[in-house]
Amino acid sequence: MKITNIIGGGAFAFAAAATMAFAPVAAEAKDWRGWNIHVVDYPVSHGMEAFMAEVTEKTGGELAGKVFHAGVLGSQPDAIEQLRLGIMDFGVFSLGPMGQAVPATNVVSLPFVFKSIPQMYELMDGAPGAALGEALEEKGIVALGYYDAGARSFYNSIKPINTPADVEGMKVRVMNNDLFVGMVESMGGNATPMAFAEVYQSIKTGVVDGAENNPPSYESTSHFEVAKYYSLTQHLIIPECLCMSKKTFDALTPEQQEIVKTAGKNSTDLQRKLWQEREAASMKIVEEGGVIVNEIADKAAFQAAMAPVYEQFLSANPEMTDLVNVFRNAD
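Keep in mind it's a predicted model, so treat the numbers as computed, not measured.

Comments concerning the environment of Tyr147
Reasoning step 1: Here Tyr147 is to be found in strand E4 (residues 141–147).
Reasoning step 2: Taking the C-alpha atoms as reference points, Tyr147 and Ser94, 53 residues apart in sequence, are found 9.0 Å from one another.
Reasoning step 3: Filtering out sequence-adjacent residues up to four positions away, Tyr147 remains in contact with Val44, Gly47, Met48, Val92, Met120, Pro239, Glu240, Leu242, Ser267, Thr268 and Gln271.
Reasoning step 4: Side chain to side chain, Tyr147 and Ser267 meet in a polar contact 2.4 Å long.

What follows is the structure, encoded as structure tokens:
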């Protein structure tokens, strides 16, 4: 991917570019199927339902469909492949696991590649997000918007984490990804990949000292009951993508494509608002539950500690150097 492609696009230019490929014919008269891993009462789920409802209303019922929640249509890797083939019409997917199908999206899984949630919004709505959209489209996926999945921070049963040195010797559960293992090890911690369902008991019994996740996950799993220290490192900010099959999108008329893109933008705005509300509610619950929360105003020491992670990633993926720098060096 060339740097000129990265810096030359505008917000969601990737979706608009799809309309230029050829003059689409009218969409097939079939109900769309939408994939969602989350339960019905969740910000992502409400955003998806709003998207489908707006598309149906604005097309006078010409386009209709159903969102299937809680992963009932299968795993994310399977759903992504079905999306690319046009078997699935749309869905919301984490850009973390998306990296298996679209390697460029691995960039947003790098620790501290975003400085804050507001900055993530700005970059994903602008040229960097457009560059990822181009990479997605090359694989048969049209990105309609980037949802908020919060920021992941460390929690543990021992002490607050204020500097990278505080992680030294700590046993921390991480997702099964070399990037996340390297992130903890770069601070002297012992990274322990394990199934998410095992985390509560593992912290309770001392198999691990802690883990890392966003506030709603920390709260809803009751991990805050056994890990009373929550340190807001915000080391991983991995967006989710409201995506559509390019085959489905290309079959729409230009007017329908515009309706879909507008509905995607409106859905993204709604989901982000709902996520912020849910996150605030979760933080209130954990604080009332006796959790000691500490903010980290200056994350420079944590960012500096990630140098080996970036070196290893760029050594294995030199073609992503320009894209990484666009995200990492943004104000």
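Still to come is the rest of the account.
Description of the packing of aromatic side chains
Reasoning step 1: Scanning all chains against the criterion turns up 10 aromatic pairs.
Reasoning step 2: In this structure an aromatic cluster arises from ring pairing among Tyr155, Tyr218, Phe224 and Tyr230.
Reasoning step 3: Sitting over the face of the ring of Tyr121, Arg272 holds its NZ or CZ atom 4.2 Å from the ring centroid.
Reasoning step 4: One cation-aromatic arrangement involves Arg328 over Tyr310; the distance from NZ or CZ to the ring centre is 3.6 Å.

A word on the nonpolar core
Reasoning step 1: Within the largest apolar cluster, 61 residues are counted, with the highest numbers of intra-cluster contacts made by Met98, Phe114, Met124 and Phe327.
Reasoning step 2: If we ignore the near neighbours within four places in the chain, the residues touching Met98 are Gln76, Ile80, Phe93, Thr105, Leu136, Ile141 and Cys243.
Reasoning step 3: One finds Leu144, Met244, Leu252 and Ala263 within the second-largest nonpolar core, a separate group that totals 21 residues.

Examining the sheet that holds strand E3 (residues 90–94)
Reasoning step 1: Spatial strand order, E2-E1-E3-E10-E4: five strands in an open sheet with mixed pairing. The outermost strands of the open sheet, each flanked by one partner alone, are strand E2 (65–68) and E4. Recorded for the sheet is a direction-independent mean angle of 25 degrees between the axes of neighbouring strands.
Reasoning step 2: Relative to E2, strand E1 (residues 32–35) runs parallel, the two sharing four bridges. The partner of Arg33 across the bridge, within E2, is Lys66.
Reasoning step 3: Sheet strands in contact with helix H6 (residues 127–138) are E4 and strand E10 (240–245), and its direction is about 145 degrees off that of E4.

Focus on the pattern of salt bridges
Reasoning step 1: For the structure on display, the rule yields nine salt bridges.
Reasoning step 2: Residues Arg272 and Asp125 are paired through a salt bridge, measuring 2.9 Å at the closest nitrogen-oxygen approach. With Arg272 in helix H11 (residues 254–288) and Asp125 in the loop between helix H5 (117–124) and H6, this pair connects stretches of sequence that are 147 residues apart.
Reasoning step 3: The exposure class of Asp125 is partly exposed, given its relative accessible area of 21%.
Reasoning step 4: Between Glu288 and Lys284 there is a salt bridge, with its nearest N and O atoms 2.6 Å apart. Of this pair, Glu288 and Lys284 both sit in helix H11, four residues apart, which is roughly one turn of that helix.

What to know about the packing of H6 against helix H14 (residues 321–328)
Reasoning step 1: Two numbers describe how H6 lies on H14: the axes approach to 10 Å, and their chain directions differ by 150 degrees. Considered as vectors, H6 and H14 are oriented roughly antiparallel to each other. As for how H6 packs across H14, the hand of that crossing is left-handed. Only Leu323, Val326 and Phe327 of H14 make contact with H6, whose side of the interface consists of Pro128, Gly129, Ala131 and Leu132.

Re the state of the cysteines
Reasoning step 1: Per the stated rule, a full pass over the model turns up one disulfide.
Reasoning step 2: In this model Cys241 forms its disulfide with Cys243; the gap between the sulfur atoms is 2.5 Å. Judged by the sign of its S-S torsion, about 125 degrees, the cystine formed by Cys241 and Cys243 is right-handed.
Reasoning step 3: In this structure Cys243 comes out as buried when scored by relative accessible area, which is 0%.

Cut-offs used in this document
- Residues numbered from 1 in each chain as written.
- Predicted model: local features only at pLDDT ≥ 70, side-chain atom pairs only at ≥ 80, totals over all residues.
- Heavy atoms only, no water.
- Helix = DSSP H or I, 4+ residues; strand = E, 2+ residues; numbered from the N terminus.
- Contact = heavy atoms within 4.5 Å.
- Polar contact = N/O pair within 3.5 Å; in protein donor to acceptor, adjacent residues only side chain to side chain.
- Phe/Tyr/Trp six-rings, centres within 6.5 Å; stacked < 30°, edge-to-face > 60°.
- Lys NZ or Arg CZ within 6 Å of the ring centre and 35° of its normal.
- Core = buried A, V, L, I, M, F, W, Y, C linked by side-chain atoms within 4.5 Å.
- Buried < 20%, exposed > 50% of the residue type's maximum accessible area, 1.4 Å probe, protein only.
- Pairing = 2+ DSSP bridges.
- Axes fitted to C-alpha atoms, helices over the stretch in contact; angles between N-to-C directions.
- Salt bridge = Lys/Arg side-chain N within 4 Å of Asp/Glu carboxyl O.
- Parallel < 35°, antiparallel > 145°, perpendicular 65-115°, else oblique.
- Left-handed = near helix turned anticlockwise from the far one by under 90°.
- Disulfide = S-S within 2.5 Å.

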